[in-house]
Amino acid sequence: MSELPARRRGTRTGFTTGACAAAAAQAATLALRCGQLPAMVQTRLPNGQVIPFAVAAGSVSAQQASAVVIKDAGDDPDCTHGARLTAHVRLLAGEAGRLQLRGGDGVGIVTRPGLGLPLQEHAINPVPRRNILDNAREAAGDWLVQNGLEIVISVPGGEELAKRTLNPRLGILGGLSILGTSGIVYPYSTVAFKAAMQQSIQAAAALQLPALVLTTGRRTERFAMQQLPDLPESAFIQMGDFVGAALHSCSQEAISTLYVAAMVGKLAKIGQGFSNTHAHKGRVDMAWLARLAAEAGADATLCRQVQEGVTVRHASELLAERGLEQAFLQQLVAAARSAMLRRLPVGCHLTLFAFDFAGQLCATGADS
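Owing to the predicted nature of the structure, the values given are computational and were not obtained by experimental measurement.

Asker: Is there a simple way to explain the overall build of the protein in this structure?
Answerer: Looking only at helices and strands, the protein has twelve helices and 16 strands in total. Relative to its length of 368 residues, the protein is compact, with a C-alpha radius of gyration of 22 Å against a globular reference of 21 Å. For the protein, the proportion of its 368 residues judged to be buried stands at 52%. Pairs at least 24 residues apart make up 67% of the contacts formed inside the protein by residues separated by at least 6 positions. Working note: accessible area of the protein is about 16,400 Å², and carbon and sulfur atoms make up 50% of it.

The following block contains the structure:
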């Protein structure tokens, strides 16, 4: 049985549940096709990297196979570290090209709207869903000319693990979510990460660049670069969840022109004054969101629906039905920008870019 590296505080990256599920599905498909469980698979992540994953266990027969990949979360304090992502693959004889994917035991069921997933289906997010299917399809090769595959992803013990996550509050019941937009887990609570980010701000300030751009991650950095193509790469700094530390460093360095790019979910936490926007560091105050909705023109009934929800996405969807989404997002941006300005020197020019879940620029906030 494969052993994971000892946990420690540091910057070692790990892998998402989605990446491990994709590796397990790839391994089980290869086992079914070849009649032997591989010890290792080379799995392509959503970000394009090809990563070796050890196969911890599994079985194979003429019609079905299973494979287990143990999640290594790196140095991130993730409760799913060590979870056994398991794929069961069954031959669908004669069903040429068909790939059917569903969740099994330990994968949660979506019971509330606002999560970007169909209700009453297993919580396998769109990016890992595609990644699982892509790796299984590649492993199956020309087998799919005549046959299909049913793939079931399960996580033994996932229901208990999920109690230590936000899933129950979000309405994902009975297990974990299969997540991950890149396939990589980056540690959030490390001194080293903050030190590197602060050093990057100091270095950028020394270059006397016309502006600095703080982003919450790789995707928002990419989106911000599209908005600001004239700025050099050195002007873009990933602050991750460490909003407070990043703004403090910008204040110390007397940055006069600052851009901040974030997804709308993070902006809600920034607007509430959070210094750290990680999911484990606090939750969005839905009553506060409802007040923003009221300021955007929502009636009492709609505000109550927002307050009874669990995500910013759901609030946006509800307001979009009434034609109020843009006004709501502008209120959200204004609140986040006001909270950030309180952490910056007087006179700092701050522009905020808010991106939706598809990466589209949906609202901005700047000096009037």
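Next comes the rest of the write-up.
Asker: Would you mind going over the environment of A262 with me for this structure?
Answerer: The residue A262 is located in strand β14 (residues 257–263) in this model. According to the relative accessible area criterion, A262 is buried, its value standing at 0%. Separated by 39 residues in the primary sequence, A262 and F223 place their C-alpha atoms 9.4 Å from one another. Contact partners of A262, with chain neighbours within four places excluded, come to T216, T220, L267, F353, A354 and F355.

Asker: Can you walk me through helix α1 (residues 17–34) in this structure?
Answerer: Taking 1.5 Å as the rise per residue, α1 with 18 residues should run 26 Å; its terminal C-alpha atoms sit 26 Å apart, in good agreement. By the criterion of burial, α1 is predominantly enclosed, with 15 of the 18 residues buried. Trailing α1 by a residue or two, G35 shows a phi angle of about 80°, which is positive.

Asker: Can you walk me through the sheet that holds strand β9 (residues 148–154) in this structure?
Answerer: Two orientations exist for strands paired in a sheet by backbone hydrogen bonds: parallel and antiparallel. Across the sheet, five strands lie side by side as β4-β5-β6-β9-β7; this open sheet has mixed pairing. The sheet is open, and its two edges are formed by β4 (57–60) and β7 (99–103), each paired on a single side. Pairs of neighbouring strands in the sheet enclose a mean axial angle of 15°, with direction left out of account. Its contacts with the sheet put α1 on β4, β5 (64–70), β6 (84–92) and β9, and the angle it makes with β6 is roughly 40°.

Asker: Would you explain the sheet that holds strand β15 (residues 349–355) in this entry?
Answerer: What the five strands build is an open sheet, ordered β13-β12-β14-β15-β16; its pairing is mixed. Edge positions in the sheet fall to β13 (236–238) and β16 (361–365), since each of these pairs with one other strand and no more. Shown here is a sheet whose adjacent strand axes are inclined to one another by a mean of 20°, direction ignored. Two elements, strand β12 (residues 212–215) and β14, share four bridges in a ladder whose sense is parallel. When the sheet's bridge partners are listed, L212 is paired in β14 with L258.

Asker: Looking at this structure, I do not really get the packing of helix α10 (residues 300–308) against helix α11 (residues 312–321). What am I missing?
Answerer: Axes are the key here: two packed helices are described by the angle between their axes and the distance separating the axes. Running from N to C, α10 and α11 cross one another at 160°; their axes reach a closest spacing of 9 Å. Taken together, the axes of α10 and α11 lie roughly antiparallel to each other. For the crossing formed where α10 meets α11, the hand is right-handed. For the pair α10 and α11, contact is made by L302, Q305 and V306 and by A315, L318 and L319, respectively. Considered class by class, the residues forming the contact of α10 with α11 number five nonpolar, one polar and no charged.

Asker: Looking at this structure, I do not really get the nonpolar core. What am I missing?
Answerer: What tends to happen in soluble globular proteins is that the nonpolar side chains get buried as a cluster. With 53 residues, the main nonpolar core has L214, L258, L267, L289, F328 and L332 as its most contacted residues. A per-element tally of this core places helix α12 (residues 325–341) first, with seven residues. If you look at the next biggest cluster of nonpolar residues, it comprises 43 residues, including C20, A23, L91 and L144.

Asker: What am I meant to see in the packing of aromatic side chains here?
Answerer: Any aromatic ring pair is given by two values, namely how distant the centres are and how the planes are angled relative to each other. Going through the model one piece at a time under the given rule, you end up with four aromatic pairs. The rings of F223, Y259, F353 and F355 are connected pair by pair, giving a single aromatic cluster.

Asker: Explain the side chain of T311 to me, please; I cannot follow it from the model alone.
Answerer: One can find T311 in the loop between α10 and α11. A relative accessible area of 13% means that T311 is categorised as buried. Look past the residues within four positions of T311 in its chain and what remains in contact with it is G114, L115, L170 and M286.

Asker: Whenever I open this one, the pattern of salt bridges confuses me. Can you help?
Answerer: Pairing is possible between side chains that carry opposite charge, provided their charged atoms lie close to one another. Going through the model one piece at a time under the given rule, you end up with twelve salt bridges. Two residues, R90 and E150, come together in a salt bridge whose shortest N-O distance is 3.1 Å. One end of the pair, R90, is in strand β6; the other, E150, is in strand β9, with 60 residues separating them in the sequence. Look at R90 and you get partly exposed, because its relative accessible area is 34%. Note that D367 is salt-bridged to R337, the shortest N-O span being 2.4 Å. Taken together, the positions of D367 in the segment after β16 and R337 in helix α12 put the pair 30 residues apart, joining distant regions of the chain.

Cut-off values and rules
- Residues numbered from 1 in each chain as written.
- Predicted model: local features only at pLDDT ≥ 70, side-chain atom pairs only at ≥ 80, totals over all residues.
- Heavy atoms only, no water.
- Helix = DSSP H or I, 4+ residues; strand = E, 2+ residues; numbered from the N terminus.
- Rg over C-alpha atoms; globule rule 2.2 N^0.38 Å.
- Buried < 20%, exposed > 50% of the residue type's maximum accessible area, 1.4 Å probe, protein only.
- Contact = heavy atoms within 4.5 Å.
- Areas by Shrake-Rupley, 256 points an atom, 1.4 Å probe, with all protein chains shown as cover.
- Expected span 1.5 Å × (residues − 1).
- Pairing = 2+ DSSP bridges.
- Axes fitted to C-alpha atoms, helices over the stretch in contact; angles between N-to-C directions.
- Parallel < 35°, antiparallel > 145°, perpendicular 65-115°, else oblique.
- Left-handed = near helix turned anticlockwise from the far one by under 90°.
- Nonpolar A, V, L, I, M, F, W, Y, C, P; charged D, E, K, R; others polar.
- Core = buried A, V, L, I, M, F, W, Y, C linked by side-chain atoms within 4.5 Å.
- Phe/Tyr/Trp six-rings, centres within 6.5 Å; stacked < 30°, edge-to-face > 60°.
- Salt bridge = Lys/Arg side-chain N within 4 Å of Asp/Glu carboxyl O.

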